[in-house]
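Breakdown of the fold
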Amino acid sequence: MLYTLLTLLLILLLVSFMLRQNFVQNYIAQKVTSSLSKKTGTRVTLKTLEIDLVKGIQATDVQLNDTLGRRILKIGELKAQPEWFELLAGKLRFRSANLDTVDLRMIIRKGQDDYSFIQFINKLSGTDTTSSSSGGKPFKLTFRRIGLLHVHFVLHDENVVDTLEPHTINFNDLNIRNGNIKIRNFNLTGGTLHFVISNLSAEERSGFVIKKLQTDMTIDPRHFSFKNTLAETNHSRIQVSYEMQGPSWATYSYYDDSVKMSAKFGSSVLDMSDLGYFSSVMFTMPNTLRIVGGTVEGPLRDLHSTGLDFEYGEETHFIGNVSFTGLPDFYNSDIHAAIKKLTVSYPDIKSFGIPGDSTTHLVLPDAIRKFKPMELSGRFDGKYGDFITSLQIH
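None of the values given here were measured: they were computed from a predicted structure. (Residues numbered from 1 in each chain as written. Predicted model: local features only at pLDDT ≥ 70, side-chain atom pairs only at ≥ 80, totals over all residues. Heavy atoms only, no water.)

Some remarks on the overall build of the chain
Put simply, the rule is: Numbering of helices and strands runs from the N terminus, with a helix taken as a DSSP run of H or I at least four residues long and a strand as a DSSP run of E at least two residues long. Any two residues having at least one pair of non-hydrogen atoms within 4.5 Å are treated as being in contact. The method behind every accessible area is Shrake-Rupley, applied with a 1.4 Å probe, and residues are considered shielded solely by the protein chains displayed.
Looking only at helices and strands, the chain has 6 helices and 21 strands in total. Look at the contacts in the chain between residues 6 or more apart in sequence, and 49% of them connect residues 24 or more apart. Carbon and sulfur atoms provide 59% of the accessible area of the chain, an area that totals close to 22100 Å².

So, in structure tokens, the structure goes:
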């Protein structure tokens, strides 16, 4: 027994000594980068690589470029702690990884129909049907914890040319910076990715800020799922379980029409001006809604909410169903509302901001000041400036 333990200790010491030698580390770096480059049809490089049984793996200036030298991913510094015995058994399992200064660019090049980074993942995981390396057991990669600092993320489709109003998010040309992310239970199996974000903060080029995000996330080529999500944005705090579905990754370049959304809201506080980053007219409506619950489904151009329950001001309370057809063009959208219950008061109506060139409010006759809060039910059908209402006062 003692002899066996001494033998194992000697082997570990020998391996540790060998891994510290520059020629061994250079050889491993060359084999890893050339193998990844060959398997994925990209160019993988790194500046330095250090491997230590105690400190783990450390690498600097890790780069992934396409065949024309265009950047897909760059990591300034990477530190990872493998599960060494699992790694020796051929399983990619890590206790932790920390990445600093990350630049990820998900771009669909002209004439292509998928993001370069997704093509890389598909070939790496063996789910790319155009690759001769597909088949066999699915690729698996797991991390207990991941930390990312100073993240820059670009999502762009070169086949789509469009212009949006300033300060609105362009889903064909996302540009996110100052990202800091903490992840646990990261699991990539084949083409499906699952992980838990314990904290995320970032800022989109439009000015939309995520101060804090926590979610249980699943991604596959046709599906995004954000379960048990808590999001704190510029002026809002949202609790929601949210999903997006589309036939392929390329569908997300036509977000307004082709991506089906589903959201189930919990207790939340929504400042409607935050929605201006998705439809600019909402910037002129800085109304704070206290959401009790409700669901929203459909693509953006045909959005339906059911069981919507929210409060505003001191006495306003809405329960009902609302649908919009035509967003993000708010003024020309068809709006249909089935109002189960609407309690309103003069001060709340007077303070509610409505769409316009700047924040404006309804002009109400002074005679209704004396009215007590009213409870209404009925319907609203039409557009913002051309509609029919049928209301009952209870």
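As for the environment of L87
For the record, the criterion: The buried label goes to any residue with under 20% of its type's maximum accessible area, the exposed label to any with over 50%, and the partly exposed label to all in between, with areas taken from a 1.4 Å probe on protein chains only.
Among the secondary structure elements, L87 is positioned in helix α3 (residues 84-88). Given a relative accessible area of 26%, L87 falls into the partly exposed group. Here L87 is in contact with P82 and L92, once residues within four sequence places are set aside.

Focus: unusual backbone geometry
Between L327 and P328 the backbone carries a cis peptide bond, its omega angle lying at 10°. Even without a glycine there, the phi angle at N228 is positive, about 50°. N228 gets classed as exposed once you look at its relative accessible area, which sits at 63%.

Topic: the confidence of the model for the chain
As a reminder, the rule being used: As a per-residue measure, pLDDT tells how confident the predictor is, with possible values from 0 to 100.
Confidence in the prediction for the chain averages 83 pLDDT; 84% of positions are at 70 or higher. In this model residues 129-134 is a low-confidence stretch, pLDDT under 50, and it forms 5 contacts with partners more than four residues away in sequence or in other chains.

Here's the deal with the side chain of S206
By the secondary structure assignment, S206 is in the loop between β8 (192-204) and β9 (209-220). For S206, a relative accessible area of 8% gives the class buried. Setting aside anything within four residues of it in sequence, one finds S206 in contact with H167, T168, I169 and Y277.

Re the packing of aromatic side chains
The line we're drawing: Ring pairs are drawn from Phe, Tyr and Trp, using the six-membered ring of Trp, whenever the two centres fall within 6.5 Å, and their geometry is named by plane angle: stacked under 30 degrees, edge-to-face over 60, tilted for the rest.
In the structure shown here, the tally under the stated rule is 15 aromatic pairs. Note on F330 and Y384: the rings are 5.8 Å apart at their centroids and 50° apart in plane angle, and the pair reads as tilted. On the criterion of sequence distance, the pair formed by F330 in the loop between β16 (316-325) and β17 (334-344) and Y384 in the loop between β20 (374-383) and β21 (386-393) is long-range, its members being 54 residues apart. Take Y384: its relative accessible area is 28%, and that puts it in the partly exposed class. Through a chain of ring-to-ring contacts, the aromatic side chains of F94, F143, F186 and F195 assemble into a single cluster.

Some words on the pairing of β17
Heads up, the rule is: By the convention used here, strands pair only if DSSP detects at least 2 bridges between them.
Looking at chain direction, β16 and β17 are connected through 9 bridges and run antiparallel. Residue G320 lies in a different strand from β17, and its bridge partner there is I339. As judged from the 8 bridges shared by β17 and β20, these two strands associate in the antiparallel manner. Bridging across to β20, A337 finds its partner in F380.

Section: the pattern of salt bridges
Opposite charge on two side chains allows them to pair when their charged atoms are near. For the record, the criterion: For this document, the term salt bridge refers to a Lys or Arg side-chain nitrogen within 4 Å of an Asp or Glu carboxyl oxygen.
The tally for this structure, following the rule as stated, stands at 13 salt bridges. The salt bridge partner of R177 is E203, with a shortest N-O separation of 3.5 Å. Taken together, the positions of R177 in strand β7 (residues 173-189) and E203 in strand β8 put the pair 26 residues apart, joining distant regions of the chain. Here E203 falls in the partly exposed class, since its relative accessible area comes to 25%. Three or more residues joined by partner-sharing salt bridges are found here, namely R71, D103 and R105.

Digging into the pairing of strand β12 (residues 260-265)
Regular strands show a simple pattern: their side chains alternate between the two faces of the sheet. Pairing analysis gives 6 bridges linking strand β11 (residues 237-245) to β12, with the strands arranged antiparallel. Bridge pairing in β12 places S241 opposite K264. One ladder, built from 5 bridges, connects β12 with strand β14 (residues 288-298); its direction is antiparallel. Considered in β14, the bridge of K264 is made with T295.

A short note on the side chain of H223
Filter applied, for reference: Whenever two N or O atoms come within 3.5 Å, that pair is a polar contact, provided that in protein one can donate a hydrogen and the other can accept it, and provided that, for residues adjacent in sequence, both atoms are side-chain atoms.
Mapped onto the fold, H223 is located in strand β10 (residues 223-232). Of note is the side chain of H223, whose polar atom sits 3.3 Å from the side chain of E243.

Examining the environment of D256
With respect to the element layout, D256 can be found in helix α5 (residues 255-258). Along the chain, D256 and F171 lie 85 residues apart, while their C-alpha atoms are 8.9 Å from each other. If sequence neighbours within four positions are ignored, D256 has contacts with P299, L300, R301 and P328.

Quick look at the environment of R43
Position of R43 among the secondary structure elements: in strand β1 (residues 43-45). When the C-alpha positions of R43 and L68 are compared, they lie 9.2 Å apart, and in sequence the two are 25 residues distant. Apart from residues no more than four positions distant in its own chain, R43 is found in contact with S37, Q63, L64 and N65.

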